[in-house]
Amino acid sequence: TLLESLLDRHPAIALPVAETGFWRRHHRRYDPLDGERLAALVRDALAQVAASGGRRVPGDEAAVVASIRRAGPAPCYGVVYERLLRHVLADDASRWGEKCAGPCLEVPRFLETFPRGQVLLVHRDPRDVFASETRRLEREGAPGTDDRLVAVPQWRLMSEVAAGYRGTLPAGSYREVA
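Presented here is a report on the structure given in the accompanying data block.

Quick notes on the overall build of the protein
Phase 1: Scanning the protein from terminus to terminus reveals eight helices and four strands.
Phase 2: Secondary structure of the protein in N-to-C order comes out as α-β-α-α-α-α-β-α-β-α-α-β.
Phase 3: In the protein, which comprises 178 residues, the share counted as buried stands at 35%.
Phase 4: When contacts within the protein are restricted to residue pairs at least 6 apart in sequence, long-range pairs at least 24 apart make up 64% of them.
Phase 5: Approximately 10600 Å² of the protein is accessible, and the part contributed by carbon and sulfur atoms is 54%.

Written out as structure tokens, the structure is:
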């Protein structure tokens, strides 16, 4: 997206370019995070980044697991996520981020994990959402499916949920743009 491209060009911000889907796909699905479950989480998350066109295809799963273990005896999902992004981005950017299309329900969990985190909600015209979803489905070889008809009501619901965060999140952690 345009916003994603602009942010990624900023010298102090790094993005994985593609969504990792970490919070939606992986959070709490590998409990407890020990031994093989931790390795499976890292392996699956790295595979998701690679499959979705991430910045680079990370190859050293063992290095990520070792980095997570060095963070402390009982790894948490926040540490796993941070170490995964640092590995995928391989940058020294002072800030990093991820585009999350839709799962704004994860905002409180994200800010709980990263208390200094910031969330940017971008309001889009529903016609743009429909057109974007149609193009995505055509690229994926699924034109004519009903997914694009569901996209606009889902967008509206997520916008209403996100708007509910106004005034409830810590000062400086939430911004909206239209």
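Having put the structure on the table, let's press on.
A short note on helix α4 (residues 61-70)
Phase 1: Three or more residues of α4 are buried, namely Val 64, Val 65, Ser 67 and Ile 68. Each buried residue of α4 sits inside an arc of 160° when the element is viewed along its axis, so together they form one side. Exposed residues lying more than 90 degrees from the buried face of α4 are Ala 62 and Arg 70.
Phase 2: Summarising the contacts, the buried residues of α4 are in contact with α3 (35-51) and α5 (77-89).
Phase 3: Downstream of α4 by a residue or two, Gly 72 has a phi angle that is positive, lying close to 155°.

Parameters at a glance
- Counting of residues starts from 1 at the beginning of each chain's written sequence and follows it residue by residue.
- Selection of residues for local features in this predicted model requires a pLDDT of at least 70, selection of side-chain atom pairs for listing and counting requires 80 or more, and totals for whole chains, interfaces and linings are taken over all residues.
- Computation of side-chain values: all heavy atoms of the structure, hydrogens and water removed.
- Labels follow the DSSP assignment, with helices taken as runs of H or I lasting at least four residues and strands as runs of E lasting at least two, numbered in each case from the N terminus.
- Buried residues are those whose accessible area, probed at 1.4 Å on protein chains only, stays under 20% of the maximum for their type, while exposed residues exceed 50% and partly exposed ones sit between those limits.
- What makes two residues a contact is simply this: any of their non-hydrogen atoms within 4.5 Å.
- Throughout, the Shrake-Rupley method with a 1.4 Å probe supplies accessible areas, and for residues the shown protein chains are the sole cover considered.
- Read the arc as the range of directions from the helix axis to the C-beta atoms.

Everything listed is a geometric property; what it means functionally is a separate question.
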